[in-house]
Amino acid sequence: MKNNRKEAKANLEKLVGEMYKTSPGNAKKTIHSVYAKDYKKVSLPELEDRLRLAGKILDVIDRNPKFKHLELEVMDNMEARFENVRDEILERVIVEDGAVRIIGDFPHEMEELNYRLVKMIEVFRRRVVIRGKMNDLIRKDIDFTEEDYRYIGREYDVPADDARELVAMFKSCFDREGRFLRNVFEKHIPVFAWYEKRIFELMWHFLKEIFRRNDRIAFLNSIQLLIDQMREPKKNAIKILLTDFLSDPYSVSFSDRNAVMLANLLVRKYNKELNMDIEVTPEEVLLVREGIDRRITEAISEAIDTVYKERFVKKLSTISRRILESLNPGSGDTSPMPIKYLLSLEREILIFLCLIQGETALSVIRSALNTYGNPRTKIYHSKLSPDHILLLFQHLKVVIRGVGRLGDGEDLARLTNISNEEAVFKRLARGKVSDDKIRQIMKWIDNTREDLIQKDMKDTREMVAFTVV
């Protein structure tokens, strides 16, 4: 399949090259319109320009049947990229009577845009309208049309009548002020679970729209109970969560932590905290061995190590940059997010990687050890670092435990280097953290070193095992 897509792209590039023999610059722009990865940031004029260029390819394909096989290549790529276009941009692209109107600074109609792209825009515009209504469902009295219910049914793979029932039931889970009614939601769980194929995606969408912390925690825990009653929820649910988490590796949202925390629940076979109200994954999860669903974690680990490694590493780099910006107010281009949230998010990711294992996981954990295990890095010497030193030390402890789970003999020297810096870490504390806290971290280093030595000895014995048949 991968080779087929590569061949299709090569053939499309050849066709575009023929279209613009005397203008290589236009050929490059046209190919870019189909394969660009920056549709998340595209402006309205840029989007219009790309639609025109892609439309010209389709017009050529329509006029020459021998290029018919390239139609799918163009449309599949355009649809995939339109998934990333921001709603505020799509809201200004309107389809009326088969024509596309641009509602910008100078409203106008796009002339003779290929009909396939017009239909595509119409579908995505409908999604924007429905998303807007569903976002407001929690806070306002919203009316849905029959066409809306048919669309929701198509999106979530249920009949229109069932879509109407699900919307009504979910709306009943919030009072007039938009506060979540947990007891009502949990009463509906058996019905929600019946629609397990797509219900998790719907619930995840609404979780991201809940802004009150208490409501968010209650809803998060109610979703856990819903998951527990589904027959095959894990694979689909984790796919939805990680797709959302990695959708824009250059940004951080408040839903990211919830996504990773739920993923941490889903990769385990059973969860002691299922009936408890939690907003973070307990650190003791790092001790779990037999309770991990290896069928799922191995698949996730392989996907991250191969297909999604670059996006995953970029996302982690973005989070690390945001942490430093939060510790140095005014140093970044955006308003800093709370340091407590950002460290909690990174902590969830580190725990997730410890559970799934793999090459990327080990590389990230070692990188975190280099950052938090060195008392001379920026993380400990930023403007607000002294105010959050306890949080940073707690983070270091999680990283050390992660090394104990994933690391090997190569990490022994790294841990020794941290032990040798005990006096420097004590000076960083400046009396705000007792010596007991520093000693606790050093004790974890000793325990982790012992675990790694035992692991290394076991691996060595297995490599030279002598067998008599």
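As shown above, the structure is provided for reference.
Structural notes, computed from the coordinates. (Residues numbered from 1 in each chain as written. Predicted model: local features only at pLDDT ≥ 70, side-chain atom pairs only at ≥ 80, totals over all residues. Heavy atoms only, no water.)

Some remarks on the overall build of the chain
Summing up its helical and strand segments, the chain has 21 helices and 3 strands in all. Summarising its shape, the C-alpha atoms of the chain cover approximately 75 × 65 × 60 Å along the three principal directions. Buried positions account for 49% of the 469 residues belonging to the chain. A sequence separation of at least 24 residues applies to 70% of the contacts in the chain between residues at least 6 apart. Each charge class in the chain was averaged separately, 82 positive and 77 negative side chains, and the resulting centres sit 3 Å apart. (Helix = DSSP H or I, 4+ residues; strand = E, 2+ residues; numbered from the N terminus. Buried < 20%, exposed > 50% of the residue type's maximum accessible area, 1.4 Å probe, protein only. Contact = heavy atoms within 4.5 Å. Lys, Arg positive; Asp, Glu negative; His and termini not counted. Charge placed at Lys NZ, Arg CZ, Asp CG, Glu CD.)

Some thoughts on a negative patch on the surface
The grouping of E96, D97, E109, E111 and E112 at the surface amounts to a negative patch. Turning to its location among the elements, E111 is positioned in the loop between β3 (108-110) and α6 (115-137). Residue class for E111 comes out exposed when judged on its relative accessible area of 65%. (Patch = residues over 30% accessible without salt bridge, like charges linked within 9 Å, V, L, I, M, F, W, Y side chains within 5 Å. Areas by Shrake-Rupley, 256 points an atom, 1.4 Å probe, with all protein chains shown as cover. Salt bridge = Lys/Arg side-chain N within 4 Å of Asp/Glu carboxyl O.)

Quick word on empty space enclosed by the protein
Inspection of every chain in the model, using the stated rule, returns 2 cavities of 30 Å³ or more. In this structure, the largest cavity encloses a volume near 80 Å³. In this structure, the largest cavity is lined by M134, I152, Y156, V158, A163, L166, V167, Y195, R198, I199 and L202. Looking at the lining of the largest cavity, the elements that each hand over two or more residues are α8 (160-171) and α10 (196-207). Across the lining of the largest cavity, the residue classes tally to 10 nonpolar, no polar and 1 charged. Empty space within the second largest cavity amounts to approximately 30 Å³. Taken together, M134, L137, L166, V167, F170, L202 and F206 form the lining of the second largest cavity. If you list the elements that add at least two residues to the lining of the second largest cavity, you get α6, α8 and α10. Top contributing element to the lining of the second largest cavity by residue count: α8, with 3 residues. Of the residues that constitute the lining of the second largest cavity, the class distribution is 7 nonpolar, no polar and no charged. (1 Å grid on protein atoms, 1.4 Å probe; cavity = no way out; pocket = protein on both sides within 12 Å on 5 of 7 lines; lining within 4 Å. Points joined across faces, edges and corners; volume = space filled by probe spheres on them. Nonpolar A, V, L, I, M, F, W, Y, C, P; charged D, E, K, R; others polar.)

Concerning the side chain of E283
As for its position among the elements, E283 is in the loop between α13 (255-266) and α14 (294-305). In this structure the side chain of E283 is engaged in a polar contact, spanning 2.9 Å, whose partner is the side chain of R401. Each residue touching E283, except ones within four places of it in the same chain, is listed here: R347, Q394, K397, V398 and R401. (Polar contact = N/O pair within 3.5 Å; in protein donor to acceptor, adjacent residues only side chain to side chain.)

Structural notes on the packing of aromatic side chains
In the structure shown here, the tally under the stated rule is 15 aromatic pairs. Centre to centre, the rings of Y39 and F82 are 6.4 Å apart; their planes meet at 45 degrees, and the pair counts as tilted. Here the residue Y39 occupies a position in the loop between α2 (24-35) and α3 (44-63), and F82 occupies one in helix α4 (residues 71-82), the gap between them amounting to 43 residues. We note that Y39, like F82, is buried. Here the aromatic cluster, defined as three or more aromatic residues joined through ring pairs, consists of F170, F174, F180, F185, F192 and F219. In this arrangement the basic side chain of K9 is found over the ring face of Y35, its NZ or CZ atom lying 4.7 Å from the centre. Lying over the aromatic face of F124, R127 brings its terminal NZ or CZ to 4.7 Å of the ring centre. (Phe/Tyr/Trp six-rings, centres within 6.5 Å; stacked < 30°, edge-to-face > 60°. Lys NZ or Arg CZ within 6 Å of the ring centre and 35° of its normal.)

Observations concerning the packing of α2 against α3
Describing two packed helices takes the angle between their axes plus the distance from one axis to the other. Two elements in contact, α2 and α3, have axes whose closest approach is 9 Å; the angle formed by their N-to-C orientations is 100 degrees. Between α2 and α3, the crossing angle belongs to the class labelled roughly perpendicular. Contacts between α2 and α3 involve K29, T30, H32, S33 and V34 from the first element and D49, R50, L53, A54 and I57 from the second. Looking at side-chain class alone, the contact of α2 with α3 contains 4 nonpolar, 3 polar and 3 charged residues. (Axes fitted to C-alpha atoms, helices over the stretch in contact; angles between N-to-C directions. Parallel < 35°, antiparallel > 145°, perpendicular 65-115°, else oblique.)

Considering the environment of E88
Relative to the assigned elements, E88 resides in helix α5 (residues 87-90). Judged by its relative accessible area of 43%, E88 falls in the partly exposed class. Along the backbone, E88 and R347 are 259 residues apart, and their C-alpha atoms lie at a distance of 32 Å.

Details of the nonpolar core
Residues F200, F219, Y372 and Y380 are the most contacted members of the largest nonpolar core, which totals 111 residues. Sequence-distant contacts of F219, defined by excluding residues within four places in its chain, comprise F170, F180, F185, M203, F206, L207 and I210. (Core = buried A, V, L, I, M, F, W, Y, C linked by side-chain atoms within 4.5 Å.)

Things to note about the side chain of T448
If you trace the backbone, T448 turns up in helix α21 (residues 435-463). Excluding residues within four positions of it along the chain, T448 makes contact with I400, V403, G404 and L415.

Section: helix α19 (residues 412-419)
Looking at α19, one finds that the buried residues are L412, L415 and I418. The buried residues of α19 occupy one face: seen down the axis, they fall within an arc of 120 degrees. (Arc of directions from axis to C-beta.)

Examining α14
With 12 residues, α14 ought to run about 16 Å at 1.5 Å a step, and its terminal C-alpha atoms sit 16 Å apart, in line with that. Buried within α14 are the following residues: I296, T297, I300, S301 and I304. For α14, the arc enclosing every buried residue in end-on projection is 125 degrees, short of the 170-degree limit, so these residues lie on one face. Residues of α14 that are exposed and angled more than 90 degrees away from the buried face: R295, E298 and E302. Buried residues belonging to α14 abut α12 (234-246), α13, α15 (309-327), α16 (339-356) and α17 (359-372). (Expected span 1.5 Å × (residues − 1).)

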